[in-house]
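Close look at the chain arrangement
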Amino acid sequence: MRPLDILLAVFMLISGTANTLIGSKQDKLGFEHPAVQTWSMFVGEFLCLFVFWIVSWYQRRNTTGYHQIQQEPATPGGGKSFPFYIFLLPASCDMTATTLMFFGLLLTYPSTYQILRGTLVVFTGILSRIFLKRPLRVYHIIGMVVITIGAGIVGVASVVYGDKTLPAKNPILGAILVIVAQVVAAVQMVLEEKLIGKYDVPPLPQAQRLAATKATQTPYTRPKLYRNLSIP
């Protein structure tokens, strides 16, 4: 594993934990608006699109020589363009899952919320086996069983024992919402593999255009359809 991969994994862990703690702190301060929290987070992700545009412009500006670029049709796996609507279903799933998780965080303990998010691995593995026909090896099944047992222990402990000094509003309902959110997030991953995986979409524009699609969806409106876009 490269040092950059380790750095990105550590940064993802730190930022994910910070996201949970900040969301929980907002709830404790009285800002109990999960849908607004979700929308504002995706607007922040959308701003990264400007960074991509700047990087793309800089790369084009510093390209030397003249090259005749043959425009290829939008074919799966090798095309230069892709239909923008393929982002709508994954983006809608992501927004739904994130909103449910913020509602769950509002009702349960942050530690329980963070542990239950690990069940995403279990649901993704099951759905991948059913719809993508991906084989589950022994170590996959063992990992899924361990995660299920751990999440079950934490969920039961939060309901039975809880925190007497800072009691949660409804730990059972909160845990259920977080688990349902992981099911929706697993559906999102399978859709991305099934739909977006067929097109030549680099990871950075893919993530940012997903964020752009989600940012245009308010918590109270349906998503809009967009025309096809070409990758710069």
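Residues numbered from 1 in each chain as written. Predicted model: local features only at pLDDT ≥ 70, side-chain atom pairs only at ≥ 80, totals over all residues. Heavy atoms only, no water.

**Things to note about the nonpolar core**
Ranked by size, the top nonpolar core spans 18 residues in total, and within it A97, Y113 and L116 carry the most contacts. Those elements that place two or more of their residues in this core are α3 (88-107), α4 (110-116), α5 (120-131) and α7 (171-194). With 7 residues, the single largest contributor to this core is α7. Once you skip the residues sitting within four places of it in the chain, L116 turns out to touch A151, A175, V178, I179 and Q182. With 5 residues, the next largest nonpolar core counts I86, F87, I196 and Y199 among its residues. (Core = buried A, V, L, I, M, F, W, Y, C linked by side-chain atoms within 4.5 Å. Buried < 20%, exposed > 50% of the residue type's maximum accessible area, 1.4 Å probe, protein only. Helix = DSSP H or I, 4+ residues; strand = E, 2+ residues; numbered from the N terminus. Contact = heavy atoms within 4.5 Å.)

**Describing a positive patch on the surface**
Together, R129, K133, K194 and K198 make up a region of like positive charge exposed at the surface. With respect to the helices and strands, K198 occurs in the loop between α7 and α8 (203-215). By relative accessible area, K198 is classed as partly exposed at 42%. (Patch = residues over 30% accessible without salt bridge, like charges linked within 9 Å, V, L, I, M, F, W, Y side chains within 5 Å. Areas by Shrake-Rupley, 256 points an atom, 1.4 Å probe, with all protein chains shown as cover. Salt bridge = Lys/Arg side-chain N within 4 Å of Asp/Glu carboxyl O. Lys, Arg positive; Asp, Glu negative; His and termini not counted. Charge placed at Lys NZ, Arg CZ, Asp CG, Glu CD.)

**Examining the environment of L120**
Mapped onto the fold, L120 is located in helix α5. Sequence separation between L120 and I179 is 59 residues; the distance between their C-alpha atoms is 8.1 Å. L120 has contacts with Q182, A185, A186 and M189, leaving out every residue within four places of it along the chain.

**Some points on the packing of aromatic side chains**
Scanning the entire structure with this criterion turns up 2 aromatic pairs. Ring geometry for F46 against F50: centres 5.9 Å apart, planes inclined by 75°, an arrangement best described as edge-to-face. A residue pair is termed a helical-turn pair when its members lie 3 or 4 positions apart in one helix, as F46 and F50 do in helix α2 (residues 34-61) at 4 residues. A relative accessible area of 39% places F50 in the partly exposed class. What links up through ring pairs into an aromatic cluster is the set F46, F50 and W53. (Phe/Tyr/Trp six-rings, centres within 6.5 Å; stacked < 30°, edge-to-face > 60°.)

Keep in mind these values describe shape, not function.
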